[in-house]
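Observations on chain architecture
The primary structure of each chain is shown beneath.
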Amino acid sequence: MTTQSPGNAIREGFSRISYGTNNFVISFLDIIFGTIQRWVGLKGMPYVFVLPNLLVFGIFILFPMLLNFVYAFTGSTEFFLDQRPWVGTANFEQLLTCDNFLDPNSCYQDRFWRSIYGTMGYVIGQVAWMVVMSMVTALILNRGMRGRGFFRSVFFYPVLLSPIVVALIWKWILQENGLLNGIIVSLGYEKLPFLVDAQWARFWVIGISVWAFMGFYTLILLAGLQSIPADLYEAASIDGASEWHAFWSITLPLLMPTVIVVLVLSLIRAVQVFDIVFAFTGGGPGTATLYIVQYIYENGFSSPNKLYGLAASASLLMAGTLVVLTLIQLRFRREEV
Amino acid sequence: MGKIKSFLTRTRGTRRLHFTDIITYVYLILGTILMFGPVIWLVFSSFKTQAEIVKFPPRLLPYRQETVVVEGYEDPLPLYTVTLEDGSTAELAQVRRIGLESQLIDPANPDEIIKVPIDQREPIEKVVFSLDNYIEGVESFNFARYLRNSLIVTIFATILTLLINSMAAFALAKYHFKGREPIFFIMLSTLMVPLSVILVPVFLVITTINWNNNLLGVIVPAAATPTGLFLLRQYMLTIPDELLDAARMDGASEWRIYAQIILPLAKPALAVLTIFSVMWRWNDFLWPLIVLSRSEYFTLQIGLNSFQGELNVQWNLILAMTVLTLLPITFVFAILQRNITTGIATTGMK
């Protein structure tokens, strides 16, 4: 016999009400969909089920992808397509005109090349740090200490914060008279120009991205670690293998597929970085942290004369890069199966 | 006490505290400080007065100088502990400061003005968690409005995402129909093409159907998410077909099969997609930034970003509004953290 607490009674009441409304909604929709089914027949029903998704997908993703090509091959600052003259590959030529591809100053669209080199530096630094930090954290969380659930949540918490909030928190800490400079001065050193100096800004953009996202990759790696059967380790320890040896010959090889997933996911997300940097440095100082999506955004939306053609062709080049990265990932996944 | 000790000395299997266990705990504690510290620092800072906020080096707690109201003076006067010429100390209120000299009065005897060099006085301070920043911030930062918009976008977008993706996933997982393979392939091939790549043309579509400055323009375009579709379809493949056949035998319509068999059985996958969708939509930035240009339609993220960009907006107000913005998601996380982390870890991105 259990006595019913008021909390339970309330919960039960709610679930009854929600069950009732659920039932009502389902029955109501059943009348509509039942009519449709009588009309199109059983064979037609799958099309009815995919239709809403297909409509949204077609109108807002597939169709725009095709339109993007039209923008990329037309010029002028007009927004509507019928007023844009055909210019062929002129936009791409503009983007790709350089005396020396290694020196953005020699390029016609120097900001584009700055953003490309900036993005490359960011991607390499961010992905490397991300994989290392989330790997170390996952290995430590996998040691089965008490309070693991708590610590797992601790590292995951920043993932939920919005990029704007993350940027503002760190801007506040890193500003000239912020917490970090306070600590540095109290230790007897000089203040450091964290947000004013180009190198420091690039460093911190990577740093706060790793801070914000590493919890997500830690979770994925942790799941990978936990799917390694425990008897493998037992067998190894019976055979007299050291922990270090077990790590190199069991953990690492079996975790490799998960590491590759993490590597590729973080790579693809790093190429698209925008909001966190936009709110943190705005691309500055100068163009130190100007990355490719911000270049696209500026050309298409925020600069006074909007060069939609340039924005579209730059985004096509970026999409091409992403497709290549995805194909590489698929290749790896196939090998692992 | 015993509990703490057993927590601290718990090791992997063996009874002895190995040095790797110490490293582990040091790492975890440093990690906790690094992950939570910045947010805690933000919360404490958001209670500081403007005078305190520009102080260097900064202090953790929001101090505020004590004041006293003295007859004959309009504003409350700041209180100081003053070291007098004879070496004694007294609590005095400062009337004005001229260069390096401070003119003070004793609140009990307001007629006599005492002049001391400014380095002979120390402000009397107390810790006050005052809501002034929040009250003043909400006046210029339309928090209620932005919160309402963010909630509308998050809730309706999540419902729409769950509905259309689960319907499509059901069809793709449980029916054999002409065109199934091409549809699935085309949708999956866009898995890695983000909205940011097609910004300009989507904006054209939005403008053409007049969804600019309309929350619909933020809600609908990203609702057909390939990630969600893939996740749900893979999960629904594991539901046995016999269940559906049995229901059909009993005369259930296809809609009833979807709503009353498939959906309840796919609950774990739907839960994960709900978490993802709420996270994506609540924190979404680039897309709302483009679609919404009038401030009455701003979501919290857009509002906060434009608030920090405004001239003359003080840090103490920005910090208070940042705290308000991160509060709802922190609250949800505190309640659901275990479900969220295990959900993502198990059904995750694989």
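Residues numbered from 1 in each chain as written. Chains lettered and ligands numbered in written order. Predicted model: local features only at pLDDT ≥ 70, side-chain atom pairs only at ≥ 80, totals over all residues.

On to the overall build of chain B. The number of helices and strands found in chain B is 15 helices and eight strands. What you see for chain B is a C-alpha radius of gyration of 30 Å, clearly larger than the 20 Å of a compact globule of 350 residues, by over 25%. When the backbone C-alpha atoms are referred to their principal axes, chain B occupies close to 100 × 70 × 35 Å. Classification of the 350 residues of chain B by burial places 38% in the buried group. (Helix = DSSP H or I, 4+ residues; strand = E, 2+ residues; numbered from the N terminus. Rg over C-alpha atoms; globule rule 2.2 N^0.38 Å. Buried ≥ 20, exposed ≤ 12 C-beta atoms within 10 Å, placed from the backbone.)

With that settled, consider the overall build of chain A. Of the regular secondary structure elements, chain A holds 12 helices and zero strands. In chain A, the succession of α and β elements from N to C terminus is α-α-α-α-α-α-α-α-α-α-α-α. Computed over its C-alpha atoms, the radius of gyration of chain A comes to 27 Å, more than 25% above the 20 Å expected for a compact globule of 337 residues. By its C-alpha atoms, chain A is 80 × 75 × 50 Å across when sized along the principal axes. The proportion of buried residues among the 337 residues of chain A is 37%.

Here the focus is unusual backbone geometry. All names here are of chain B. Positive phi, normally seen in glycine, also occurs at N210, with a value near 60°. Phi angles above zero are rare outside glycine, and N213 is one such case at about 50°. By the element assignment, N213 lies in the loop between helix 7 (199-208) and helix 8 (215-219).

We now examine the domain arrangement of chain B. Examined at the domain level, chain B breaks down into domain 1 (2-45), domain 2 (67-123) and domain 3 (141-310). Relative placement of domain 2 of chain B and domain 3 of chain B: their C-alpha centres are 64 Å apart. (Domains from an automatic or database assignment.)

Moving residue by residue along a regular strand, the side chains alternate between the two faces of the sheet. All names here are of chain B. Little of strand 6 (residues 109-117) sits out of view: just zero of its nine residues are buried. Of the strand pairs in this sheet, strand 5 (residues 101-106) and strand 6 are connected by six bridges, and their pairing is antiparallel. Bridged to I105 within strand 6 is I113. The turn linking strand 5 back onto strand 6 is made up of two residues. (Pairing = 2+ DSSP bridges.)

Let's shift gears to the confidence of the model for chain B. With 93% of its residues at a pLDDT of at least 70, chain B reaches an overall mean of 84. Across the whole predicted complex the pTM is 0.84, and at the interface the ipTM reaches 0.83. (pLDDT = per-residue confidence, 0-100.)

Take the interface of chain A and chain B next. Listed as interface residues are 82 residues of chain A and, on the opposing side, 81 residues of chain B. Of the residues forming the side of chain A that touches chain B, the biggest block, 26 residues, is contributed by helix 1 (residues 6-72) of chain A. Partitioning the side of chain A that touches chain B into residue classes produces 61 nonpolar, 16 polar and five charged. (Contact = placed C-beta atoms within 7 Å. Nonpolar A, V, L, I, M, F, W, Y, C, P; charged D, E, K, R; others polar.)

Once that is clear, we can look at the pairing of strand 5 of chain B. Where strand 4 (residues 89-98) of chain B meets strand 5 of chain B, five bridges bridge the pair, whose relative direction is antiparallel. Bridge pairing in strand 5 of chain B links R96 of chain B to Q103 of chain B.

Turning our attention to helix 2 (residues 19-45) of chain B. Counting along an α-helix, one turn takes 3.6 residues, and residues three or four places apart therefore face a common direction. All names here are of chain B. With 27 residues, helix 2 should reach 39 Å at 1.5 Å per residue; the first-to-last C-alpha distance of 38 Å fits that figure. When the local axis directions of helix 2 are compared, the greatest deviation, roughly 40°, occurs at F36, which is followed within four positions by the proline P38. Among all positions of helix 2, only L28, P38, L42 and S45 are buried. (Expected span 1.5 Å × (residues − 1). Bend = angle between axes of the 7 residues up to and from the residue.)

Time to look at the packing of helix 3 (residues 110-141) of chain A against helix 7 (residues 198-226) of chain A. Residue and element names in this part refer to chain A. It is at 7 Å that the axes of helix 3 and helix 7 come closest, and there the two elements cross at 40°. Classified by the angle their axes make, helix 3 and helix 7 are oblique. Considering how the two elements wind past one another, helix 3 and helix 7 form a crossing that is right-handed. Contact with helix 3, carried on its side by G121, Y122, G125, Q126, W129, M130, M133, S134, M135, T137, A138 and L141, involves R202, V205, I206, S209, V210, F213, M214, Y217, T218, L221, L222 and L225 of helix 7 and no other residues of that element. Taken together, the residues that form the contact of helix 3 with helix 7 break down as 16 nonpolar, seven polar and one charged. (Axes fitted to C-alpha atoms, helices over the stretch in contact; angles between N-to-C directions. Parallel < 35°, antiparallel > 145°, perpendicular 65-115°, else oblique. Left-handed = near helix turned anticlockwise from the far one by under 90°.)

All names here are of chain B. Checked against the element boundaries, R64 lands in strand 1 (residues 63-65). Judged by local crowding, R64 falls into the partly exposed class, with 19 C-beta atoms found within 10 Å. Sequence separation of R64 and M249 is 185 residues, and the distance between their C-alpha atoms is 75 Å. Excluding residues that lie within four positions of it along the chain, R64 makes contacts with T49, E52, E125, K126 and V128.

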